[in-house]
Amino acid sequence: MEFDMNQISQTSNSNAKIEASESQNSKVSSENSAVQPVETENVDSNTLAAVLQFLQKHNLKGTADILKKEARLKEDQLRDAQALQVDSEATNLLSSYKSEGDPNAYEKAYLSYRRFVESSLDVYKHELSLVLYPLFVHMYLEMIYNQHESEAAKFMERFSTDQEDYYQDDLKKVSFITKKEHMKGSDLMENFKSSQFTVRMSRDTYSVLKRFLQDKNQSIVMNVIQEHLYVDMYEGVPRNKAQVESTAGAMEGEANRQVNKTKIYYGLLKEPDIQLPVVEEEEDGEPGEGGEKPKKKKPKKDPLLNKKAKSDPNAPPASRLPLPDLRDIDKLEKVRALREASKRVALGPDNLPSICFYTMLNCAETVTCVEFCEDSSLLAVGFSDSILKVWSLVPQKLRAMKPAEQLADIDKEAEDVLVRMMDDKTGETMKVLHGHCGPVYAASFSHDRTLLLSSSEDATIRLWSLQTWTCLVVYKGHIYPVWDVRFSPHGYYFSSVGHDRTARLWATDHHQPLRIFAGHYSDVDVVQFHPNSNYVATGSSDRSVRLWDCVTGNCVRLMTGHKGTVSALCFSTDGRFLASGGADQKVLLWDLAHGHLLADLPGHTMTISSLAFSRDGTVFATSSLDGSIQLWDFFRMTDESSLEDVNISGHNPDLLKRSNAIESLRLARYPTKATPVMSLHFTRRNLLLAAGMFEG
């Protein structure tokens with residue numbers, strides 16, 4: 001494989017659930033001594049085991065203990081019954097799918113609700129229509145469960161096209177469930193049965209729906225809504241079509257606003273004060289011999305390097321997440337980064353970044369991932385044949401460490417001991433790493449460029465040393481392919497996501513994960529660390545974005561709006577905003593303070609592959625497999641958003657107010673001839689690096 005580097009210069013309030021009868025926790029009075037034990041001859045042990053399993057699942061331990069006592073069920077009988085529970089018909093007793101004698105009643109009920117939506121006032125219609133998809137799916141599954149297979153097939157064929165385009169892939173999977181036996185062991189079925197589809201609507205819309213459900217002929221619709229929907233009700237004016245569509249599309253429905261009320265620390269950690277070496281400059285003094293003036297030296301003031309770090313009021317406490325102490329080499333690297341930042345180009349509408357594009361040749365079908373390191377000196381590329389290659393993007397070659405016998409002769413107290421440890425004879429512009437036994441799907445450099453992580457289809461994560469160029473650790477925990485892996489900005493921690501629907505938090509010195517983040521309903525495809533390392537964001541094939549707390553392991557933000565797999569994530573430099581891109585060709589911008597959607601950026605025609613913010617946070621870059629790069633005025637985008645109004649509103653802001661202005665926020669668009677863009681990265685001086693493989 002060869003490199004062809006072309007530089008392109010810029011040319012230019014309450015939550016409600018509809019209940020027929022609200023479930024209440026039974027209170028057992030100590031004064032009621034007349035309660036008779038349950039007649040166990042009338043209720044078999046399998047049924048009791050099913051009830052006890054339900055109580056234990058919902059942490060109703062007291063009620064379960066009372067039931068055991070009153071039923072006089074022995075422990076051995078209970079164990080035998082629970083062992084048979086999986087295959088027993090007792091599981092059907094707790095099923096939420098009720099039996100209707102006439103299978104045609106489902107079609108009539110669905111048509112009745114659809115006509116009700118169509119005849120409703122426009123102000124209510126859009127929110128009421130959100131119920132159609134879950135209603136259709138659960139009616140179909142209820143018909144299958146009650147063994148009305150032929151009627152269910154006709155029902156699917158007739159009404160599946162009524163549903164939105166972004167639900168069609170899910171419906172195709174649902175349509176494969178054609179018999180009751182297919183429902184057992186189906187992951188998709190488990191999703192529908194174990195979770196409630198969230199529908200957000202105003203109190204007025206809720207009242208309209210409630211009046212419709214009071215009709216005696218709507219028992220089927222009532223049952224589906226009671227058992228399988230969660231109505232997230234808010235005070236205020238019903239949303240318009242654009243607002244409803246902006247957050248619809250996820251597998252679990254819309255985001256529950258209750259989840260997004262958790263306080264998060266999105267601010268940046270205070271940078272440690274580092275004593276920087278003072279650069280002195282000469283100044284003329286008194287005349288000396290030969291008439292020349294001796295030169296005195298005075299300190300050169302550098303406002304950027306010598307200014308004190310300010311505390312961010314939204315930053316997490318320094319002790320909240322244990323972070324590794326800064327080593328001397330880390331402090332020197334921070335000094336170097338600050339000096340680079342002092343030469344940074346200020347970007348804006350009148351000063352766009354230059355783009356340096358790395359084109360990979362003769363590998364169009366084999367490249368699986370591309371990653372730049374933080375200081376832009378290294379490039380890692382993963383391939384489908386299980387190898388990982390690392391290139392040096394600077395004149396300095398990649399060197400390996402000297403053999404052990406030569407290291408013994410080195411003065412360990414020397415200031416340049418690290419330089420002396422490296423063997424100049426091994427210098428190369430590219431190194432190859434072998435170890436995985438499947439395609440390499442992701443790579444991530446540590447902040448000090450001494451370590452490299454990679455994940456693969458072989459369900460493992462490997463940690464490589466960039467000094468010895470060998471594999472140090474193989475992390476095993478995922479049981480399916482690992483789609484992405486990412487180092488923490490502060491090192492030590494890293495996160496991975498995979499086909500097993502989980503994200504995991506690891507530490508480099510632990511073989512087992514520290515946290516397992518479970519909650520997505522499909523593959524977790526992409527992960528990104530927050531700049532303060534206290535949170536990780538994940539994007540999934542369930543078309544949702546979640547933010548997880550690394551300390552508690554809880555999901556603290558749920559954001560819906562994508563209509564396809566989420567393929568790219570990126571935090572803003574100040575940590576306040578999160579950008580996400582997906583297979584639906586959409587780029588969405590989120591305000592993490594309250595989980596609101598701020599903008600929907602159009603323009604790409606294929607899957608979004610990479611997102612990047614400039615180092616000063618003024619320009620936002622997006623790339624796609626359509627072979628184009630777009631630049632956006634992020635400073636004006638957030639400046640024009642009335643964030644205070646957004647934060648106090650009951651739901652997401654009206655994106656239509658800024659839809660006409662979105663086009664003016666696009667600063668430039670750069671197409672390639674035949675090179676899908678796979679990765680974007682801003683250097684410390686705000687040069688935009690991009691990489692992709694030539695397909696011509």
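Because the structure is predicted, anything quoted here is derived from the model rather than measured. (Residues numbered from 1 in each chain as written. Predicted model: local features only at pLDDT ≥ 70, side-chain atom pairs only at ≥ 80, totals over all residues. Heavy atoms only, no water.)

Caption draft 1: Quick peek at the pattern of salt bridges. Evaluated as defined, the whole model comprises 29 salt bridges. The residue Asp 330 makes a salt bridge to Arg 327 at a minimum N-O spacing of 3.1 Å. For Arg 327, a relative accessible area of 42% corresponds to the partly exposed category. Glu 333 is the partner of Arg 684 in a salt bridge, and the nearest nitrogen-oxygen pair spans 2.8 Å. A residue pair is termed long-range when its members are at least 10 positions apart, and Arg 684 in the loop between strand S33 (677–682) and strand S34 (688–693) and Glu 333 in helix H14 (residues 328–342) qualify at 351 residues. For Glu 333, a relative accessible area of 17% puts it in the buried group. Members of the salt-bridge network, linked through shared partners, are Glu 333, Arg 336, Glu 374, Asp 375, Arg 449, Arg 615 and Arg 684. (Salt bridge = Lys/Arg side-chain N within 4 Å of Asp/Glu carboxyl O. Buried < 20%, exposed > 50% of the residue type's maximum accessible area, 1.4 Å probe, protein only. Helix = DSSP H or I, 4+ residues; strand = E, 2+ residues; numbered from the N terminus.)

Caption draft 2: Empty space enclosed by the protein, seen in detail. In this structure, the largest cavity spans a volume of roughly 100 Å³. Lining the largest cavity are His 138, Asn 191, Phe 192, Ser 195, Gln 196, Phe 197, Met 251, Glu 252 and Tyr 521. As a volume, the second largest cavity reaches approximately 40 Å³. For the second largest cavity, the full set of lining residues is Leu 130, Tyr 167, Phe 197, Thr 198, Val 199, Ala 248, Gly 249, Gly 253 and Glu 254. Residue composition of the lining of the second largest cavity, grouped by class: five nonpolar, three polar and one charged. (1 Å grid on protein atoms, 1.4 Å probe; cavity = no way out; pocket = protein on both sides within 12 Å on 5 of 7 lines; lining within 4 Å. Points joined across faces, edges and corners; volume = space filled by probe spheres on them. Nonpolar A, V, L, I, M, F, W, Y, C, P; charged D, E, K, R; others polar.)

Caption draft 3: Region of interest: the sheet that holds strand S26 (residues 577–582). The strand order S25-S26-S27-S28 describes an open sheet built from four strands, whose pairing is antiparallel. Strands at the two margins of the open sheet, each flanked by one partner only, are strand S25 (566–571) and strand S28 (596–601). For this sheet the average axis-to-axis angle between neighbouring strands, irrespective of direction, equals 25°. The pairing of S26 with strand S27 (residues 587–591) spans five bridges and is classified as antiparallel. Across the sheet, Ser 580 pairs through a bridge with Leu 588, a residue of S27. (Pairing = 2+ DSSP bridges. Axes fitted to C-alpha atoms, helices over the stretch in contact; angles between N-to-C directions.)

Caption draft 4: Just the UniProt feature "repeat: WD" (unreviewed entry) in the protein chain, in detail. Those residues carrying the UniProt feature "repeat: WD" (unreviewed entry) are residues 360–393, 433–474, 475–516, 517–558, 559–600 and 601–633 in this numbering. Measuring from the first to the last C-alpha atom of residues 360–393 gives 14 Å, for a span that is 0% helix and 53% strand. (UniProt positions renumbered as here; feature names shortened; annotations may be inferred.)

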